[in-house]
Amino acid sequence: MSADVAIQKFSFPFTCIAGHAPPGEQSQRACPQVKKLEASTVGVLRPIAIVGTLVMNGTGAGSKMDLKTDSKIDSKMELKTDLETEVKSDLKMDFKMDLKTDLKTDLQTNSKTDSKMDLKTDLMPDLKTTVKLDLKTDLKKDSKTGLKTVSKIGLKATPGARLQLGPSASAPGVQSAVLSGRGVFERLAAESEDTRPAAKRQLSSESAARTVAVVKKSAVRKEPEGAAKTGLRGAAPGKRRRRKDLFSGSQAFSRVDAHAIRAGAELKQKCVYEVKTIAQNVTQEARTELERLRAIWVWLCHNIEYDVSGYLGQSEKLSSPEEVIAAGKGVCCGYSSLCLEMCREVGLQCQEVPGHSKGIGHRPGQSLRDVRSDHMWNAVLLGGQWFLMDACWGAGRVDMEHKSFVKKFDDFYFLTDPEDFVESHYPDKEEWQLLDQHISREEFEMRVFKTSTFFSLGLKLIQPQHFYMLTDDGEVNLSISSSRSVTYTYDITPRHDFLHGGAAEQKETSGSSWGLLTISHRTMRLQILPPTQGTYDVRVYARPELASTPLSWVCSFTVECPAPRAMEEIPENPFLSWGLQAGSEALGMAPGGSPGTQVLEVEEGELELTMKTSRSLMALCELVHPGLEPALTKRCLTTQIRPDGLTVHALCPSRGFYRLSVFVRDYDKPEDRFQNAANFLLHCKVAAQVELFPPGLGSECGPGTRTLKAGLSKFSHTGALVSTQQGKCNVTFHNQHDLELHTVLGRAEGQAPAVRLERHLFFAFTDSKVTVSTSLPGPGVYRLGLYARNAPGANFNPMCDFVLRSSCEQPGPPFPSTYTAWGKGCVLFEPRVGLLEPAAWVRFRVRVPGAKKVSAIGEERVELKMNKSRVWEGDVFTGGVRQVQLAASSEDDGAMAVMLAFDIRQSEE
């Protein structure tokens, strides 16, 4: 076999990044001590790279060739001749298979050594591709011996190229640096001296022997400065893994958690207090280091309570592991020391970390300079990286008001990310912050305290970054953003130390009139307006938007107010925030279709507010003012409900702030309860100069969802408010379902007119068009109610109400009284008033469909005649009677039925 063919068969399926130096040139990336090893020029069809192993005093079969011997190899050795002599025709496939097998064996074996070199990570990606292998980072200078090992090994066989090997092998004390599990160069030498079968066996045996015997000192990296002092020894360099990289969520430990809780209960029942026995039992179901640690942490959180009496000095503190287990309680160091002992029993590397925490007794802003650390937690080494956890905080919280421990498992403090952990825990040695950039003690003191709920809800503090806020012109603002929809509330109280001293859930709003909470675009903004000079504590509470659980405390602030702002009182808002509420979209409110969350200024005491909806809703509204009675504010609202929106008219009879709350439910689900969807803060500078709305207004004013469903459409007036300067108006619409209709007119009590109000309404309709005419008795505000029923004898149901406003000082005349015979298609042309002058001739003109005879009955009976337009007409004298009636008959000789009655004005005498 020719050398060219043999070399092709020996070619690796990857190339080395180091081996491409031209003849006669030294690679710029090679170690300074590298010596050239020249070889005869060989011709190859494609590049070949050889990954070598340097062995000094090796014990394997192939370790006899040391580096000194290598340095003396004849640089002009002809590989072509040796290969043609020794290699058989079938060498290509078998040799490649041997290389792959041996490499795999070496990789698996070397991963078990203490050399800290992960060959699988370094080599396997390159085995799958033709990317050049850069071994520079794996070969470092030994920090103890000062020896240098291979920086790069690269062999590129091209026409005219020479074989170059780049290690320095002359320094004493060099131990083997295993890169690929075998020195390929040595394999080629061995192959040239032996037969193929023997070479194959030798390669396999050499690989196995070297893999077991060799320890790569250069792969043992130098410890960071100060590691021995801080206890960070053993941590592997590289990008830091986060909690989410270890596990997706608590559900990943459901099996381990259940066993730890169950085993803990059984051991407690059997009065087992030995640390070793407990650690082995609770971790019995664990399969990995992470699961063993999780089992220990869960057992601690569920079986050890915080020793409140010991903390308060009312009893002796328990700290030793045996005492803590037997008593089932301990202070922070009791948790940490027990965690340490249990980890050691199951082979986990753990440390106790002392420091300060924002827990019991902590006051915001207090200086920790020269203050003895008050807390202890743990750090544990997993996969070459340190992680932080606190079983004391994970077990529950302390209620200092009742001096008791509230048991509440908090998974947040298990392997907490350092940037979150440092918000509440500050170690004595800053290295245990585990941060790339350490924060100072002063920065820790000033940071806003955030509970675990703050992080679990994905909240982010926009402003301020420090807990202390000073008002400007009696006002200060804070804002928080979230990664999902969140419901917020708050309370503001005069200065009181309640960090870890009170309830973690919001029970009732305190001092809500001292702030304005608004939510928009997943951002919460709280405008704080302290009522008097002084210091105030502010707590913010939150929960997921659709959750029904109590709102949980998420963060705290301190507000200093040198001088309050002079302003009107803001009404209480028991519905958490201003503007659209969190969850309003689920209730049917369309996003972006309502006013913003800012204060709405009311011009001239009257406001029209429109909100869009995504479906048909039923709505109720409430208007609240600190100085107005609820019964009075009811006459300040009208609500128009349409399939795609709500319109509210609000009157503000007094100056100041008002709360306008909107409650909704699905229109077609009357069994559902109304829920708060929005709360708007109105500010009125000028009180309303108009009369309040009439009492008795229905929930639906103006045409809307109800009228459409009943088949009433094409209203001449599309709004709920109708204004007239003449005291008269006509409201027309179409009655598509031929409903029986009824109208009423009303106004406030104490304003009764000379004639009954129903006489100021006149109702007429043709085939489908309906006309409701009004002639109002005087200026003011009136209610026009429209009712309908679909069958005789059924109840009339309300359709909608209109609010009529008249500015005409002249009273409008009444209409004639109507009777049942005045039916569909009847039209009165003359006279249009129902009060006639006495002793006067009056022209009557009326259309009565189907009538055979129409008569006007006064002092005498007058038969009206039909003209060419099918209108009955005639003249009637009004003297000597109090009333003139208009009657009709559908038969020539049938009975007459009264349709209309006209009154005669009586003289004052």
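Residues numbered from 1 in each chain as written. Predicted model: local features only at pLDDT ≥ 70, side-chain atom pairs only at ≥ 80, totals over all residues. Heavy atoms only, no water.

Draft legend 1. How the structure looks around the overall build of the chain. If you tally the helices and strands in the chain, you get 22 helices and 42 strands. For the chain, contacts bridging at least 24 residues in sequence account for 70% of all contacts bridging at least 6. When the accessible surface of the chain is totalled, it reaches about 43,400 Å², and 49% of it is carbon and sulfur. (Helix = DSSP H or I, 4+ residues; strand = E, 2+ residues; numbered from the N terminus. Contact = heavy atoms within 4.5 Å. Areas by Shrake-Rupley, 256 points an atom, 1.4 Å probe, with all protein chains shown as cover.)

Draft legend 2. Broad picture of the pairing of strand S26 (residues 721-724). The alternating pattern of S26 places Val722 and Thr724 on a buried face, while none of Leu721 and Ser723, on the opposite face, is buried. Two elements, S26 and strand S32 (residues 797-806), share 4 bridges in a ladder whose sense is parallel. Residue pairing for S32: Leu721 is matched across the bridge by Val803. (Buried < 20%, exposed > 50% of the residue type's maximum accessible area, 1.4 Å probe, protein only. Pairing = 2+ DSSP bridges.)

Draft legend 3. Here's a closer look at the sheet that holds strand S13 (residues 515-520). With respect to topology, 4 strands assemble into an open sheet ordered S9-S11-S14-S13, the strand pairing being antiparallel. In this open sheet, the two strands that pair with only one neighbour each are strand S9 (459-463) and S13. Sheet twist, expressed as the mean angle between neighbouring strand axes with direction ignored, is 20 degrees. Pairing between strand S11 (residues 476-482) and strand S14 (residues 523-528): 6 bridges, direction antiparallel. Bridge assignment links Ser479 to a residue of S14, and that residue is Arg525. (Axes fitted to C-alpha atoms, helices over the stretch in contact; angles between N-to-C directions.)

Draft legend 4. Looking closely at the packing of aromatic side chains. The tally for this structure, following the rule as stated, stands at 24 aromatic pairs. An angle of 90 degrees between the planes, with centres 6.0 Å apart, marks the rings of Phe253 and Phe414 as edge-to-face. Linking Phe253 in the loop between helix H9 (243-246) and helix H10 (254-269) with Phe414 in the loop between strand S7 (404-407) and helix H17 (418-421), this pair joins segments that are 161 residues apart in sequence. In this structure, Phe253 and Phe414 share a single accessibility class: buried. Look at Trp841 and Phe877: their rings are 5.3 Å apart centre to centre, the planes differ by 50 degrees, and that puts the pair in the tilted class. Taken together, the residues span a long stretch of sequence, with Trp841 in strand S36 (residues 841-847) and Phe877 in strand S40 (residues 872-877) at a distance of 36 residues. (Phe/Tyr/Trp six-rings, centres within 6.5 Å; stacked < 30°, edge-to-face > 60°.)

Draft legend 5. Main features of the pattern of salt bridges. Per the stated rule, a full pass over the model turns up 34 salt bridges. The salt bridge involving Asp307 is made with Lys329; its shortest N-O contact spans 3.9 Å. Of this pair, Asp307 sits in the loop between strand S1 (305-306) and helix H13 (308-311) while Lys329 sits in strand S2 (residues 329-330), placing them 22 residues apart in sequence. Lys329 gets classed as partly exposed once you look at its relative accessible area, which sits at 31%. With its nearest N and O atoms 3.0 Å apart, the salt bridge here joins Glu423 to Lys450. (Salt bridge = Lys/Arg side-chain N within 4 Å of Asp/Glu carboxyl O.)

Draft legend 6. Quick look at helix H15 (residues 332-345). Compared with the 20 Å implied by 1.5 Å per residue over 14 residues, the 20 Å span of H15 between its first and last C-alpha is a close match. When you tally the buried positions in H15, you get 10 out of 14 residues, the bulk of the element. Within H15, burial applies to Cys332, Gly334, Tyr335, Ser336, Ser337, Leu338, Cys339, Leu340, Met342 and Cys343. (Expected span 1.5 Å × (residues − 1).)

Draft legend 7. Fine view of the pairing of strand S15 (residues 534-544). Here S15 lies mainly inside the structure; 9 of its 11 residues are buried. Inspection of the sheet shows strand S12 (residues 486-494) paired to S15 by 9 bridges, in the antiparallel sense. Residue pairing in the sheet places Thr489 in a bridge with Tyr541 of S15. With 9 bridges joining them, S15 and strand S16 (residues 552-561) adopt antiparallel strand pairing. Bridge pairing in S16 links Arg539 to Ser556.

Draft legend 8. Main features of helix H11 (residues 275-282). Taken together, the buried positions of H11 are occupied by Val275, Ile278, Ala279 and Val282. Projection of H11 onto a plane perpendicular to its axis shows the buried side chains occupying an angular sector of 95 degrees, all on one side. Looking at the buried positions of H11, the neighbouring elements they touch are H10, helix H12 (289-303), helix H14 (321-327) and H15. (Arc of directions from axis to C-beta.)

Draft legend 9. Highlighting a negative patch on the surface. Taken together, the side chains of Glu274, Glu316, Glu322, Glu323 and Glu345 make up a negatively charged region of the molecular surface. Looking at the secondary structure, you find Glu274 in the loop between H10 and H11. Looking at Glu274, the relative accessible area reads 46%, which means it is partly exposed. (Patch = residues over 30% accessible without salt bridge, like charges linked within 9 Å, V, L, I, M, F, W, Y side chains within 5 Å. Lys, Arg positive; Asp, Glu negative; His and termini not counted. Charge placed at Lys NZ, Arg CZ, Asp CG, Glu CD.)

Draft legend 10. View of the state of the cysteines. Using the criterion set out here, one finds 0 disulfides in the structure. Looking at Cys652, it has no disulfide partner, and the nearest cysteine sulfur is the one in Cys684, 4.7 Å off. Unpaired in terms of disulfides, Cys701 finds its nearest cysteine sulfur in Cys800, a separation of 8.1 Å. The buried category is assigned to Cys701, whose relative accessible area is 0%. (Disulfide = S-S within 2.5 Å.)

Draft legend 11. Representation of the packing of H12 against H15 in the model. In contact at an axis separation of 10 Å, H12 and H15 are set at 145 degrees when each is read in the N-to-C sense. For the element pair H12 and H15, the recorded crossing hand is right-handed. On H15, the residues that touch Leu293, Ile296, Trp299 and Leu300 of H12 are Tyr335, Leu338, Cys339, Met342 and Cys343. Per-class residue counts for the contact of H12 with H15 are 9 nonpolar, no polar and no charged. (Left-handed = near helix turned anticlockwise from the far one by under 90°. Nonpolar A, V, L, I, M, F, W, Y, C, P; charged D, E, K, R; others polar.)

Draft legend 12. Here's a closer look at the packing of H10 against H12. Closest axis-to-axis distance for the H10/H12 pair is 9 Å, and the angle between their directions is 50 degrees. Taken as axis vectors, H10 and H12 run oblique relative to one another. Crossing hand, H10 versus H12: right-handed. Of the residues in H12, those touching H10 at Arg255, Val256, Asp257, Ala260, Ile261, Gly264, Ala265 and Lys268 are Glu291, Arg294, Ala295, Val298, Trp299, His302 and Asn303. Partitioned by chemical class, the residues of the contact of H10 with H12 number 7 nonpolar, 3 polar and 5 charged. (Parallel < 35°, antiparallel > 145°, perpendicular 65-115°, else oblique.)

Keep in mind these numbers describe shape, not what the thing actually does.
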